[in-house]
Amino acid sequence: MIKKIHRRAVVIGGGPAGLAAAIAIHDKGVEDVMILEREPRLGGILNQCIHDGFGLTRFGEALSGPEYAGRFIDLVNEKRIEYLTDCMVIGLTPEKVITAATREGLLEISADAVILSMGCRERPRGAMSIPGDRPSGVFTAGVAQAYINKQDLMIGKRAVILGSGDIGMIMARRLTLEGARVEAVFEILPYPSGLPRNIEQCLNDFGIPLYLSHTVTRINGRKRLESVTVSEVGPDMKPIPGTEKIWPCDTLILSVGLIPENELSLQAGVELDPVTRGPVTDENCQTSVPGIFACGNVLQVHDLVDFVSLEAESLAGPVKEYLDGGLPDCRIPVEAGNGVRYTVPRRISGGKDVTLSFRPSAPMREVCYEAFQDGRVVSRLRLKKAVPAVMVHMDIKASELRGEGPVKVVARIEE
Amino acid sequence: MKSEYICTVCPNGCELSVEYEGETMISCTGNLCRRGFEYAKSMITDPMRSVTSSVLVEGGVMPLVSVRTSAPVSKKRMFDVVDVVKSMKVKAPVAMGQVLCENVLGLGADIIATRTVEAAEK
């Protein structure tokens, strides 16, 4: 028998985005809000991110992941916000009916508003088609992190890391401190995909080399990984024949990108952005399905949790407004132009000031981002340097906008 | 002497150009804030880093409690601190913020728990 209940707002996912969203929605006076979490405890990925550096923007101190999550979990408990753990959402309809598998059986919740905060997944080996054998010893960085930091399991003694994402670099440091040898990090792109500070404190501090424009072209080993073959890649990102080199190792860590987890969004008919692979949203974090909102890594993969919290909190006002009778139309499209990979949001109303987030398409120095509407500059942002690893935030004032013409953001290199 | 550093204090990752003589800093450029200036000074004298790891827990709902140093310690001593952490064992319950080792190796920082681990029900 399926238990059926109703809630005004349901938050799917109790990680940093979901926690911040639920607290902020509760603070707006919507007390009938419920968090659904798949894991046995709240906190999401922060529970395994035991390194520090979280909360510098928000709290002005360098906290570890569990501490950062702890501050929000304490608030959830203080405010007596309802949550369910060990609760896996398996269905979501456009009418906002949620089906969840819980310890007590199936639960059906009809919600007036749904907040998607399911986070993201790692790109696995299968998504990269690296040729070779299928031995044990190949892990994604997050899985390696969970084994070491949550389950007290050491994964290997001699590691090679593919991809210069932040988690990969953080695992390079963690493995080294735990007594393993990390031979090198290989990155297919000509520039690093993680934050500069992580190259410094996770690689340079330990003398771990980072090879740009290199990739693993073969995985070798019968039972356990024995080595990887690494090749240089050309400007077309294709391996250059004759550059192959064998790197003996028993562990390969993949840190090759994160993909927003949108299986449920698709079920509900939410339109996804082909670049971010998260929902297309308006300035209210509302998706293409009215009453379904999205925030955090399910919307766009962030580099800093502080910004995840801010994004999640920003939807509380709009959720309340939606529940109280509806949100204004957002008819002005926002487009990514030259030098800009994407923008979030993709639609704005022109009725209020907004902050756009986007990523540069390549590293740039002395760059000026300009937002145009009908040939007029409506916002300008100058940066000394911009890299794809660091998300850019650009404010647009409603008073600068006229009519419903599209706003386009482009990068211009300053002479 | 001139050196280039990437500041690790915050995610801005400022690129610092530092001019120094021995352990005296003559100039520092590229930093967006005062903390970058202090970071540059420490880089030419004694670079400091926070250490994060985990400690074995007995009788807890999970096998490990995550820990960190309450303040950065000398980068040269990171592995010594990790050795101390590896030799430690604590009994559940452990509270977030609890000091598990005071003034580790006399470096002026404590090892503190960064999460709560409840005792397992018997």
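Residues numbered from 1 in each chain as written. Chains lettered and ligands numbered in written order. Predicted model: local features only at pLDDT ≥ 70, side-chain atom pairs only at ≥ 80, totals over all residues.

### A closer look at the overall build of chain B
Selection rule: Segments assigned H or I by DSSP are reported as helices when at least four residues long, segments assigned E as strands when at least two residues long, and all are numbered from the N terminus. We compute the radius of gyration from the C-alpha atoms alone; for a globule the expected value is 2.2 Å times N to the 0.38, where N is the number of residues. Burial is judged by counting the other C-beta atoms within 10 Å of a residue's own C-beta: 20 or more makes it buried, 12 or fewer makes it exposed, and any count in between marks it as partly exposed, with every C-beta position built from the backbone. Each residue gets a C-beta atom placed from its backbone, and two residues are in contact if those atoms lie within 7 Å.
Of regular secondary structure, chain B possesses 2 helices and 10 strands. Relative to a compact globule of 122 residues, whose C-alpha radius of gyration would be 14 Å, chain B shows 18 Å and is clearly more extended. The principal-axis extents of the C-alpha atoms in chain B amount to approximately 60 × 25 × 15 Å. When each of the 122 residues of chain B is scored for burial, the buried share is 37%. Partitioning the contacts of chain B with sequence separation of at least 6, the portion at a separation of at least 24 is 47%.

### Quick look at helix H2 (residues 65–78) of chain A
Basically, it comes down to this: An expected span of 1.5 Å times one less than the residue number is assigned to each helix.
Under the 1.5 Å per step criterion, the end-to-end length of H2(A) is 20 Å for 14 residues, consistent within 8% with the ideal 20 Å. Considered for burial, the residues of H2(A) that qualify are Gly65(A), Pro66(A), Glu67(A), Tyr68(A), Ala69(A), Gly70(A), Phe72(A), Ile73(A) and Val76(A). The inward-facing, buried residues of H2(A) contact helix H1 (16–27), strand E3 (52–54), strand E4 (63–64), strand E5 (82–84) and helix H7 (305–314) of chain A together with strand E6 (64–69) of chain B. Looking one or two residues past H2(A), Arg80(A) carries a phi angle of roughly 55 degrees, positive in sign.

### Some remarks on the domain arrangement of chain B
Bring the parts together and some accessible area is lost; that lost area is often taken as the interface size. Spelled out, the test is: The source of the domain bounds is an automatic or database domain assignment.
For chain B, the assigned domains are domain 1 (2–45) and domain 2 (52–113). The gap between the C-alpha centroids of domain 1 of chain B and domain 2 of chain B is 29 Å.

### With respect to the sheet that holds strand E2 (residues 15–21) of chain B
Residue and element names in this part refer to chain B. As a reminder, the rule being used: Any two strands with at least two DSSP-identified bridges between them are counted as paired. Lines fitted to C-alpha atoms define the axes here, with helix axes fitted over just the stretch in contact, and angles between the N-to-C directions of these axes take values from 0 to 180 degrees.
Here we have 3 strands laid out as an open sheet, ordered E1-E2-E3, and antiparallel in their pairing. The outermost strands of the open sheet, each flanked by one partner alone, are strand E1 (2–6) and strand E3 (24–29). Looking at each pair of strands side by side, their axes are set apart by 30 degrees on average, direction ignored. Of the pairings in the sheet, the one linking E2 to E3 comprises 5 bridges and is antiparallel in character. Residue pairing for E3: Glu-21 is matched across the bridge by Thr-24. Helix H1 (residues 34–45) rests against E1, E2 and E3 of the sheet, and its axis sits at about 50 degrees to E2.

### Looking at the interface of chain B and chain A
Keep this limit in mind: Charged residues are taken to be Asp, Glu, Lys and Arg, nonpolar residues to be Ala, Val, Leu, Ile, Met, Phe, Trp, Tyr, Cys and Pro, and polar residues to be all remaining types, Gly included.
Chain B puts 20 residues into the contact, and the matching count from chain A is 23 residues. Of all the secondary structure elements, the ones that give two or more residues to the side of chain B that touches chain A are strand E5 (52–58) and E6 of chain B. A per-class count over the side of chain B that touches chain A returns 8 nonpolar, 8 polar and 4 charged.

### Details of the domain arrangement of chain A
Residue and element names in this part refer to chain A. According to the domain assignment, chain A contains domain 1 (1–122 + 258–327), domain 2 (124–256) and domain 3 (329–415). Taking the mean C-alpha position of each, domain 1 and domain 3 sit 26 Å from one another. Contacts between the two partners involve 12 residues from domain 1 and, on the opposite side, 15 residues from domain 3. Looking at side-chain class alone, the side of domain 1 that touches domain 3 contains 4 nonpolar, 4 polar and 4 charged residues.

### A look at the sheet that holds strand E10 (residues 111–113) of chain B
Residue and element names in this part refer to chain B. Across the sheet, which stays open at both edges, the 5 strands sit in the order E8-E5-E6-E10-E9 with mixed pairing between neighbours. Pairing within the sheet leaves two strands with one partner each, and these edge strands are strand E8 (89–91) and strand E9 (99–101). Sheet twist, expressed as the average angle between the axes of neighbouring strands with direction ignored, equals 45 degrees. By the bridge criterion, 5 bridges tie E5 to E6 in an arrangement that is antiparallel. Within E6, the position partnered with Ser-53 by the bridge is Val-67.

### Re the nonpolar core
Nonpolar side chains tend toward joint burial in soluble globular proteins. Going by this rule: Nonpolar core, as used here: buried Ala, Val, Leu, Ile, Met, Phe, Trp, Tyr and Cys residues forming one set through C-beta atoms within 7 Å.
Of all hydrophobic cores here, the largest spans 89 residues; its most connected members are Val11(A), Ala21(A) and Ile115(A). A domain-level breakdown of this core finds at least three residues from each of domain 1 (1–122 + 258–327) and domain 3 (329–415) of chain A. When neighbours within four sequence positions are excluded, Ile115(A) is seen to be in contact with Ala9(A), Val11(A), Ile12(A), Ala21(A), Phe293(A), Cys295(A), Leu315(A) and Val319(A). The next biggest cluster of nonpolar side chains, apart from the first, holds 45 residues, and it includes Ile148(A), Val216(A), Leu254(A) and Val18(B).

### Considering the environment of Asp83(B)
All names here are of chain B. Note that Asp-83 resides in helix H2 (residues 78–87). Residue classification places Asp-83 among the partly exposed positions, given that 13 C-beta atoms sit within 10 Å. Each C-alpha atom, one on Asp-83 and one on Pro-11, is 28 Å from the other, the two residues being 72 residues apart in sequence.

### Quick word on H2(B)
All names here are of chain B. The criterion, for reference: Picture the helix axis, draw a direction to every C-beta atom, and the arc is the one those directions span.
Among the residues of H2, those classed as buried are Met-78, Val-81 and Val-85. Looking down the long axis of H2, one finds its buried residues gathered within 65 degrees of arc, a one-sided arrangement. In this structure, the buried residues of H2 make contact with strand E4 (48–49), E5, E6, strand E7 (73–74) and E10.

### What to know about unusual backbone geometry
The general pattern is negative phi for most residues beyond glycine and trans for most peptide bonds. Residue Val344(A) is joined to Pro345(A) through a cis peptide bond whose omega torsion reads -5 degrees. Here Pro345(A) lies in the loop between strand E20 (332–336) and strand E21 (347–348). In this chain, Ala92(B) is followed by Pro93(B) through a cis amide linkage whose omega measures 0 degrees.

### Observations concerning the confidence of the model for chain B
Put simply, the test is: Summary of the metric used: pLDDT quantifies the predictor's per-residue confidence within the range 0 to 100.
Averaged over every residue, the pLDDT of chain B is 94; residues scoring 70 or more account for 100%. Across the interface, the model reports ipTM at 0.92; the global pTM reads 0.94.

### Examining the packing of helix H3 (residues 141–149) of chain A against helix H4 (residues 166–177) of chain A
Residue and element names in this part refer to chain A. Here is the rule we go by: Two helices cross in a left-handed way if the nearer one is turned anticlockwise from the farther one by less than a right angle. They cross in a right-handed way if the turn is clockwise.
Where H3 contacts H4, the two axes come as close as 9 Å, and the packing angle between them is 35 degrees. Seen along the crossing, H3 lies across H4 with a hand that is left-handed. Between H3, through Ala-141, Gly-142, Ala-144, Gln-145 and Ile-148, and H4, the contact on the second element is made entirely by Ile-167, Gly-168, Met-171 and Arg-174.

### Some points on the pairing of strand E1 (residues 3–12) of chain A
All names here are of chain A. Bridge count between E1 and strand E8 (residues 105–116): 9 bridges; the pairing is parallel. For Val-11, the partnering residue across the bridge sits in E8 and is Ile-115. Where E1 meets strand E2 (residues 33–36), 4 bridges bridge the pair, whose relative direction is parallel. Residue Ala-9 lies in a different strand from E2, and its bridge partner there is Val-33.

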